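Secondary and tertiary structure notes
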Amino acid sequence: MRSELQRPDAGVGPGPTGNVISGLELPYRFLFVDHITTLEIGRRVEGRYTVPPAVAVLSPCLVAEAIGQLAAWAAMVEHDFCLRPVAALTAAARVHAPAVAGQTLELAVDIESSATDAVAYSGTARTAAAPVVEVSGCVGAMQPMEEFDDSTQLRSQLEVLRGLPRPASGERDPGVETLTFTAAWRISEHVPGRHIRAQLWVPESAPYFADHFPRKPVFPATLLLDAQLRLALELAGTLPRRSPAQPRVREVHDLKLRRFILPGQTIETNAEVRSVTATTAAIDLSAAVGTRVSSAGVSIDLEPR
Amino acid sequence: MVQETEITAAEMADVYPRVAQTIADALGCDRERVQPDLSLIDDLGAESIDFLDIVFRLERGFKVKIPRGQIIEDARGDLSEAEFAQRGVLTEAGLSRLRAYLSEVPAARFRARLKLADVPALFTPHTFCKVVARARRNGQP
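Residues numbered from 1 in each chain as written. Chains lettered and ligands numbered in written order. Predicted model: local features only at pLDDT ≥ 70, side-chain atom pairs only at ≥ 80, totals over all residues. Heavy atoms only, no water.

**What to know about the interface of chain B and chain A**
Each partner contributes to the interface: chain B provides 13 residues, whereas chain A provides 16 residues. When the buried area of chain B at its contact with chain A is split by residue, Glu47(B), Ile49(B) and Phe56(B) rank highest and sum to 41% of it. Arg57(B) is the partner of Asp254(A) in a salt bridge, and the nearest nitrogen-oxygen pair spans 2.9 Å. At the surface where chain B touches chain A, the tally comes to eight residue pairs in polar contact (both at pLDDT 80 or more). Broken down by secondary-structure element, the contributors of at least two residues to the side of chain B that touches chain A are α1 (9-27) and α2 (48-62) of chain B. If you tally residues by element for the side of chain B that touches chain A, the top one is α2(B), at seven residues. Its residues placed into classes, the side of chain B that touches chain A shows five nonpolar, one polar and seven charged. (Contact = heavy atoms within 4.5 Å. Buried area = accessible area lost by both parts, 1.4 Å probe. Salt bridge = Lys/Arg side-chain N within 4 Å of Asp/Glu carboxyl O. Polar contact = N/O pair within 3.5 Å; in protein donor to acceptor, adjacent residues only side chain to side chain. Helix = DSSP H or I, 4+ residues; strand = E, 2+ residues; numbered from the N terminus. Nonpolar A, V, L, I, M, F, W, Y, C, P; charged D, E, K, R; others polar.)

Dropping the structure here:
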């Protein structure tokens, strides 16, 4: 059985034998910028995204996705919609606080360099009160637009984003805005305190493929990362701790995406403890579909900070 | 003329440790595995995304600007694009220029009818030391 998207009230069916099912709430549309407020070509772009009311807590990976999508708008405008970036590298992504239902995230991206092969940027997502996620050393690899998207539609979409703010995402069409991404795992090996190896089934079809991307459906790397972080947290939970508090992700670093993951593919993932202190665990993450597709490191707080 | 690309022993000693560590970090391998004259692709398993990674890490680490395609452009020098390569394949003159520019690369690795797309397979850690040293000489960014 493949993993699939289901409505929250649709329940979760059985997965592959011996698997673990984890549900990630995400909006129906895989679009995480509601409004672009400032656009200085080649320099800076700012925008907003409101977490749909039906999404209790937006995954920090999807907050990072929002920052990346804002950077993508800036790069696409700069290259007159002939090129678009796809995620490639992130030196560091720091998780400060959760983004919860109904919160409006103020997004900001500083473009550090932009060329026909790559755009480099850093960015933040914050509420009025505090930072939520910060990313730095991000690089998007520029790709021919026509392979991924319809430039005419994107131009129209940009006009909407630059116009009056739209209603909060969850208010536009209640009842169909939020789905649950049901990740079906089969854990093939789990050595507590050392490593977890698992398989993740990418669905053959899912609503987010329509946005990511219209002409070339690709499994979003941020969904893969979210699933990998769940594995890493499970692994961290097996480490000796003084506090009963749950481990939490502090930072993802050296994230590299080597190739696209396509609908229907099976991803082999590995989370391996690299080092442990009294308060922090460093875990290496990797994923492969036949050959390696991504790698990253994650720092996990074992004790409340 | 081919631009002056050789770096002094002092420059090499200055930049090599950080360049090698940067490459090791980008490729996720031990620093000891990185040697000056190994091919990044053939010997160290680098892919195109790794070159992007290495270049951005070097730019951040050394605070220099390394324009993409710089190595090819520098090797081409004052040859026209048509004189350097035709239909994606290096001309004899282009190959000669490249061989002179990448003097650190063993001659046996330069084969006839080399495609432009295959040139990165020649790059070594030493090549990136030259790129960084040149960027620093030029006072970039």
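Following the structure, the description resumes.
**Let's talk about the packing of aromatic side chains**
Within this structure, the stated rule accounts for ten aromatic pairs over all chains. Aromatic pair Phe30(A) and Phe32(A): ring centres 5.0 Å apart, planes at 90°, arrangement edge-to-face. Each member of the pair, Phe30(A) as well as Phe32(A), carries the same accessibility label: buried. Put simply, the rings of Phe30(A), Phe32(A), Tyr49(A), Tyr208(A), Phe209(A) and Phe219(A) pair up and form one aromatic cluster. Its end group placed over the ring of Phe62(B), Arg18(B) keeps NZ or CZ at 4.1 Å from the ring centre. Between Lys130(B) and the ring centre of Tyr101(B), over which it is positioned, the NZ or CZ distance is 5.2 Å. (Phe/Tyr/Trp six-rings, centres within 6.5 Å; stacked < 30°, edge-to-face > 60°. Buried < 20%, exposed > 50% of the residue type's maximum accessible area, 1.4 Å probe, protein only. Lys NZ or Arg CZ within 6 Å of the ring centre and 35° of its normal.)

**Observations regarding the pairing of strand β15 (residues 280-289) of chain A**
All names here are of chain A. Where strand β14 (residues 266-276) lies against β15, eight bridges are found, and the strand directions are antiparallel. What sits directly across from Glu272, in β15, is Asp284. Count of turn residues in the β14/β15 antiparallel hairpin: three residues. Between β15 and strand β16 (residues 291-301), which pair antiparallel and follow one another directly, the connecting turn spans one residue, one of which, Gly290, has a positive phi of 80°. (Pairing = 2+ DSSP bridges.)

**Thoughts on the pattern of salt bridges**
All names here are of chain A. Counted according to the given criterion, the structure contains 30 salt bridges over all chains. Arg43 is the partner of Glu40 in a salt bridge, and the nearest nitrogen-oxygen pair spans 3.9 Å. Residue Glu40 is classed as partly exposed on the basis of its relative accessible area of 34%. Exposure remark for Arg43: the relative accessible area of 57% places this residue in the exposed category.

**Some details on the environment of Glu40(A)**
Along the polypeptide, Glu40(A) turns up in strand β3 (residues 35-40). With 97 residues separating them along the chain, Glu40(A) and Gly137(A) place their C-alpha atoms 19 Å apart.

**Examining helix α2 (residues 151-162) of chain A**
Residue and element names in this part refer to chain A. Taking 1.5 Å as the rise per residue, α2 with twelve residues should run 16 Å; its terminal C-alpha atoms sit 16 Å apart, in good agreement. Those residues of α2 not exposed but buried are Leu154, Leu158 and Leu161. For α2, the angular spread of the buried residues around the axis is 65°, confining them to a single face. Among the exposed residues of α2, those oriented more than 90 degrees off its buried face are Thr152, Gln153 and Glu159. The secondary structure elements touched by the buried residues of α2 are β3 and α1 (60-78). (Expected span 1.5 Å × (residues − 1). Arc of directions from axis to C-beta.)

**Examining the nonpolar core**
For soluble globular proteins, nonpolar side chains are generally found buried alongside one another. Counting residues in each nonpolar core, the largest one holds 81 residues, and the members touching the most others are Phe219(A) and Ile283(A). With twelve residues, α1(A) is the single largest residue contributor to this core. Counting 45 residues, the second largest nonpolar core, distinct from the first, contains Ile23(B), Phe51(B), Phe84(B) and Leu95(B). (Core = buried A, V, L, I, M, F, W, Y, C linked by side-chain atoms within 4.5 Å.)

**Examining the packing of α1(A) against helix α4 (residues 221-236) of chain A**
All names here are of chain A. Between α1 and α4, the shortest axis-to-axis distance is 8 Å and the interhelical angle comes to 155°. Classified by the angle their axes make, α1 and α4 are roughly antiparallel. Considering only the axes of α1 and α4, their crossing is right-handed. Only Thr222, Leu223, Leu225, Asp226 and Leu229 of α4 make contact with α1, whose side of the interface consists of Cys61, Leu62 and Glu65. Residues of the contact of α1 with α4, tallied by class, amount to five nonpolar, one polar and two charged. (Axes fitted to C-alpha atoms, helices over the stretch in contact; angles between N-to-C directions. Parallel < 35°, antiparallel > 145°, perpendicular 65-115°, else oblique. Left-handed = near helix turned anticlockwise from the far one by under 90°.)

Spatial relationships are all this shows, so hold off on functional conclusions.
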